[in-house]
Amino acid sequence: MRRTVTVAGTVQGVGFRPFVFALATSLKLSGSVVNAGAHVICVVEGTRATCDEFVRRVQSDAPSLADVHTVKAVASPPEGDTEFVIAISLHAESERSSAVPPDVATCADCQAEAADDTNRRYRFPFICCTACGPRYTVVRDLPYDRAKTSMANYPLCEQCRTEFEDPHDRRFHAQATSCAECGPRLTDATIEEAISALARGAVVAVKGLGGYQLLCRADRSESVQRLRERKHRETKPFALLVDAAPTTEQLVELDTVALEALMAPSAPIVLARARPTKLVAPEVAPGTRLLGLMLPATTLHAMLVSGVGVPLVCTSGNRSNEPIIIDDDIAVKAFAEIADLVVSHDRPIERRADDSVGQVVAGEFQLLRRARGYAPRSVALQSSGPTVLGVGAELKNTTCLAVGDRASLSVHLGDLESPQTLRAFEDTIADQISFAEANVALVVHDMHPEYLSTKFAMGQDLAPTLAVQHHHAHLVSCLVENRHAGPAIGVVFDGFGWGDDGTAWGGEFLIGDASGYERAAFLGTVPLPGGAQAIREPWRMAVAHSLAAFGEVPPHVRGVLDDARLDAVAALCADPATLHTSSIGRLFDAVAALCGLAQRVTYEGEAAIALEGLAAASDVTGGGYELSGSDATAVVRAVVDDLAAGVDRSHIAFKFHRAVADFAVSTCRELRDRSDITTVALSGGVFQNRLLVELLLPMLDERGFTVLRQNEVPPNDGGVSLGQVAIGRAHLSRSQ
Ligand SMILES: [Zn+2]
Ligand SMILES: [Zn+2]
Ligand SMILES: [Zn+2]
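Engineer: Sorry if this is basic, but what is going on with the pattern of salt bridges here?
Structural biologist: Between side chains of opposite charge, pairing is possible as soon as their charged atoms come close. Scanning all chains against the criterion turns up 32 salt bridges. Glu-508 is the salt-bridge partner of Arg-519, the closest N and O atoms lying 2.6 Å from each other. Pair noted here: Arg-519 is in strand E24 (residues 516-522) and Glu-508 is in strand E23 (residues 504-513), with a separation of 11 residues, a long-range link. Taken individually, Arg-519 and Glu-508 each receive the classification buried, so the pair is uniform in this respect. In this structure, a network of salt bridges that share partners links the residues Arg-2, Glu-45, Glu-79 and Asp-81.

As structure tokens, this is what we get:
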């Protein structure tokens, strides 16, 4: 028998051809394997049984970094091949795809070589092989070949070339491989200088895979404080770089799922509950019981952290709210004031990728920021269709391009209000379109007229536009990730999204799918006094909710909030021109402020994180407050009464979480009775709250609901662009 087997997906730059070679040889098949455009084409000849086994195992046994989407086998008469060969790539320019592989942290084999003083790559910062190393951040064009990466500047030396050409070698066609003789070189400072500067307490800028990072030792308050001041970052927690898994277990509580995520090839930052330790200064993560940790993604990082011997703060090299810096000239200027020392190298970073962030929620790893190590891995769509671009929301922006039956979600870009982030957003869109070489049929944007992403959509001349409601996009993002066609009851608990009635939504129950939705229920609205200012100052939401519950701000609450502008804000609440909101995120803000936690915040979600941390310390197990019908007045009254009665604030915080979970469940039951729909999709920024999800899931499960969650794609606004493209596709198929 002879079979031509076409494998599609992320199958280049991941050691796929050596794997095919080994598989075919072990099955005694003859034939060949070749990279062709976005695919790998295998031709095998042998018995029917071995050919069938090959077709099965080429998918089931694929290397861990490969992401096989489809395998198609076509039979033809045997041609009498006698051996199995790896053929030269067919660079079919017509067959392109946006399947650029993500970056991969240094594998165990390379780590062992870098630690072995007899190895020729001993302490080589750029060591990598087919199983690891940079991909997305060095790619200039497709197909993924060295000549089309920033490694093209480094011709292979003789020894590296021999490895590169040997199908039995771990570095066979490892496009980013090199050694100290032929590879990139460190510039500015040496590793030894950086280690001693860090040990002294200095702030050091390091050129990482997807951008510059700022490092300092995490155990000294004055170092961390200095970094905060220079970076203008007040309270937002810093992540830590640790040398190895055993250290992380000293610092945080990790279950097996969290440990697995930490050690994954993508090497993300994993959030986990902190243990008491002297290795981490309190300034690292003020106001939260969580710490974010990551293991080294490169040998350079590994040498720095093990050289200093204590955990290091490791944060994006930028000024607050600006994108991570990748350009060497900009870095020199920006870090003149921020860093005491810069460790750089001469290999350009082609594309920006921040460190990814995730956490374990109810036994599953959930991404909160999807960037290095994950992007631009695509998400499977249920069918093929025209190319559609989704430009995302405003905060935590990502963009998404649906091409064929895949949706390619960009790296996390951040908050668009900074001009530099906006430029990165525009560059990313141009990049996605040029990689795919596709003609965009529709540009989908948020309904909010003031979002800069909306303004971009209105100003572009690629394609017609479609405005999509923010929470509809959240719901569909969840459906797409779970390969569920819907309809479902979408429970979308969020901070802020423009509603189709001109109010700010965020406590929504939408019944629908990609083709439409009904706003079936929502949290009763209250004023959002001061708009964006109400988001930065949670005490304003406490005023709004107190007024809704009591008709006045009770004296006890006045005592807690204690702000000279309180009466002005109360007047704003009474003004009919003030925007109203159904947001659950803002209700969390109000309760946190009532508990005296976060009157003012410097990043979105700060108050809710503090409230969750407080609730987690409670030993209450029973029920919560009552959210009567669909408004929050009863719960706010109960919270205020308990506070006045001196009830432990951690119990109050817990009972509030429980009330929000009860509200979700009771509303879902009503909607199921009405619609016969038993599937619930959870999305929106509020579902980053671990405690809430862990309370809610068993309750929904017990009542017979099928629950869809977001893990691979963030439940926050980072997932909105994925929902947008699916809604855009449905719109186009309807209008045909
Ligand atoms: Zn490796
Ligand atoms: Zn070399
Ligand atoms: Zn949202």
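Engineer: When you look at the coordination of the zinc ion (ligand 2) in this model, what are you seeing that I'm missing?
Structural biologist: Ideal values differ by geometry: the angle at a metal is 109.5 degrees with four tetrahedral donors, but 90 or 180 degrees with six octahedral donors. Protein ligation of the zinc ion (ligand 2) involves Cys-157 (SG), Cys-160 (SG), Cys-179 (SG) and Cys-182 (SG), the donor distances falling in the range 2.2 to 2.4 Å. Geometry at the zinc ion (ligand 2) is tetrahedral, judged from the four donor atoms that bind it and their angles of 103 to 117 degrees at the metal. Sequence spacing among the residues donating to the zinc ion (ligand 2) works out to C-x2-C-x18-C-x2-C. In this pair, Cys-160 sits in helix H4 (residues 158-165) while Cys-182 sits in the loop between H4 and strand E6 (186-188), placing the two residues 22 residues apart along the sequence. On the basis of relative accessible area, Cys-182 is assigned to the buried category, the value being 8%.

Engineer: Would you mind showing me how to read the environment of His-448 here?
Structural biologist: With respect to the element layout, His-448 can be found in the loop between strand E20 (442-446) and helix H12 (452-459). We classify His-448 as buried; its relative accessible area is 10%. Sequence spacing of His-448 and Gly-497 is 49 residues, and the spatial spacing of their C-alpha atoms is 7.4 Å. Excluding residues that lie within four positions of it along the chain, His-448 makes contacts with Thr-454, Phe-496 and Trp-498.

Engineer: Would you mind showing me how to read the coordination of the zinc ion (ligand 1) here?
Structural biologist: Donor atoms from the polypeptide that coordinate the zinc ion (ligand 1) comprise Cys-107 (SG), Cys-110 (SG), Cys-129 (SG) and Cys-132 (SG), at 2.3 Å from the metal. One way to put it: the four donor atoms around the zinc ion (ligand 1) meet at angles of 105 to 119 degrees, and that makes the site tetrahedral. In the primary structure, the donors to the zinc ion (ligand 1) are separated according to the pattern C-x2-C-x18-C-x2-C. On the criterion of sequence distance, the pair formed by Cys-110 in helix H3 (residues 108-114) and Cys-129 in the loop between H3 and H4 is long-range, its members being 19 residues apart. Overall, Cys-110 belongs to the buried group, its relative accessible area being 0%.

Calculation rules
Residues numbered from 1 in each chain as written. Chains lettered and ligands numbered in written order. Predicted model: local features only at pLDDT ≥ 70, side-chain atom pairs only at ≥ 80, totals over all residues. Heavy atoms only, no water. Salt bridge = Lys/Arg side-chain N within 4 Å of Asp/Glu carboxyl O. Helix = DSSP H or I, 4+ residues; strand = E, 2+ residues; numbered from the N terminus. Buried < 20%, exposed > 50% of the residue type's maximum accessible area, 1.4 Å probe, protein only. Donors = N, O, S within 2.8 Å, 3.2 Å for Na, K, Ca; no water. Tetrahedral: all angles 85-135°; square planar, octahedral: opposite > 155°, others 65-115°. Contact = heavy atoms within 4.5 Å.

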